[in-house]
Amino acid sequence: MSQALVRIAAGWLLGLMLAVAAAIVAVNLVNNTVASPQQPVREYLDALRSGDGGKALGLLRATVPPSNAALLDGTALQTAASRIANVNIGEAEERPGGQVTVPMEYTIDGSRLRTDFQLQKSGTEWIFFNTWAFVPSRLPTVDVSVVNSPTATVNGVDVNMPNGRNSFAVFYPGEYEATVNGEYFSASATRATVTARDAPVAPLNLLTQATDDLKKDVAAKVREFLDGCAAQAVKEQKLQPDCPFYYASNNRVQDGSIKWSVTEYPNVSIEPFDGRWVVAPLDGKAKVEALQQNLFTGAWYPLDEEVDFSFTTRLDVSGDAIKVTPLLSF
């Protein structure tokens, strides 16, 4: 063989060796990036952030436990994932049975957290490239309770709360915030962070309270009732009207001289009790003025007395309508 042929053969061999080496490097590069076990984790996180619950569920290969699914898609899911920051997906750690653990570190509200994802090799593509899939699992749940409210808001989504309780299936990691923001009733926000499929999650307990708007509206209706009652007592010229207030006297009162007025209106306090809302007993003061005659001396002199009164009411709230019914006993 001539030296020229030897040089050509050597050149082809070197080129072939370089091509094989490049192919091996390319395969390893692909297997460490787009075909790595970290890739399904990246895709899953992207699905959470875009609020695509269907894609996230398919990637995670998770079953949904018996629960409410209102938080598994759209705004609620996007909100849960939007609080995940400073993400670092680590190197895969080998586990028995051909599985790997992919750790993901991140922060939520400034707290450093970690979620471990379990994956397994699911096959190859184009002979050389590995494919990975999550080990099938079951979604966790977050329990929510609320005092005296048929609804609540979780991650910006209104949810039903039958009998004041509900359980919601959720993706992880994520943060879930529950609150009540009604015109007449509200509850301060409470949050739960879910980091893993089997991590214990503290229930979200909402302590609903009457808003200032409800107290003002109830106070206005109480004031309207008392003013109307006083006006009716003047019209009927009664010292003992069908009102929470009255005055007892043995003296004769001049007809047309009786005047009633409320001098101190009750403070309104509304609290939950036995699954409903109750108004605390209402205490106030009223003033009666009249001209009265002493039956023994026959002298006429003015009556000017302030009397204490107290009564209870029944409160009914339906949507944006409230009804206050005075409960009087005579």
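The structure we're discussing is the one just above.
Description of the structure in this document. (Residues numbered from 1 in each chain as written. Predicted model: local features only at pLDDT ≥ 70, side-chain atom pairs only at ≥ 80, totals over all residues. Heavy atoms only, no water.)

A word on the packing of helix 2 (residues 38–49) against helix 3 (residues 53–60)
A packed helix pair is summarised by two numbers, namely the angle formed by the two axes and the spacing between the axes. Look at helix 2 against helix 3: their axes get within 8 Å of each other, and the N-to-C directions meet at 155°. Overall, the two elements helix 2 and helix 3 adopt an arrangement that is roughly antiparallel. Crossing handedness for the pair helix 2 and helix 3: left-handed. Residues E43, Y44, A47 and L48 of helix 2 lie in contact with helix 3, whose contacting residues are K55, A56, L59 and L60. The residue makeup of the contact of helix 2 with helix 3, split by class, is six nonpolar, no polar and two charged. (Axes fitted to C-alpha atoms, helices over the stretch in contact; angles between N-to-C directions. Helix = DSSP H or I, 4+ residues; strand = E, 2+ residues; numbered from the N terminus. Parallel < 35°, antiparallel > 145°, perpendicular 65-115°, else oblique. Left-handed = near helix turned anticlockwise from the far one by under 90°. Contact = heavy atoms within 4.5 Å. Nonpolar A, V, L, I, M, F, W, Y, C, P; charged D, E, K, R; others polar.)

Comments concerning the sheet that holds strand 10 (residues 157–160)
Pairing is antiparallel in the open sheet, where five strands are placed in the order 10-9-12-13-15. A strand with exactly one partner marks an edge of an open sheet, and here the two such strands are strand 10 and strand 15 (209–210). Pairing of strand 9 (residues 151–154) with strand 12 (residues 174–181) involves two bridges; the strand directions are antiparallel. In the strand pairing of strand 12, V154 is matched with A178. Most of the contacts of helix 4 (residues 74–82) go to strand 12, to which it runs at about 120°, and overall it touches strand 9, strand 10 and strand 12. (Pairing = 2+ DSSP bridges.)

Considering the sheet that holds strand 11 (residues 165–169)
Remark on secondary structure: sheet strands pair via backbone hydrogen bonds, oriented parallel or antiparallel. The strand order 11-8-14 describes an open sheet built from three strands, whose pairing is mixed. The two strands at the open ends of the sheet, each matched to only one other strand, are strand 11 and strand 14 (204–206). Looking at each pair of strands side by side, their axes are set apart by 15° on average, direction ignored. Pairing of strand 8 (residues 141–146) with strand 14 involves three bridges; the strand directions are parallel. Bridging from a neighbouring strand, V144 pairs with L204 of strand 14.

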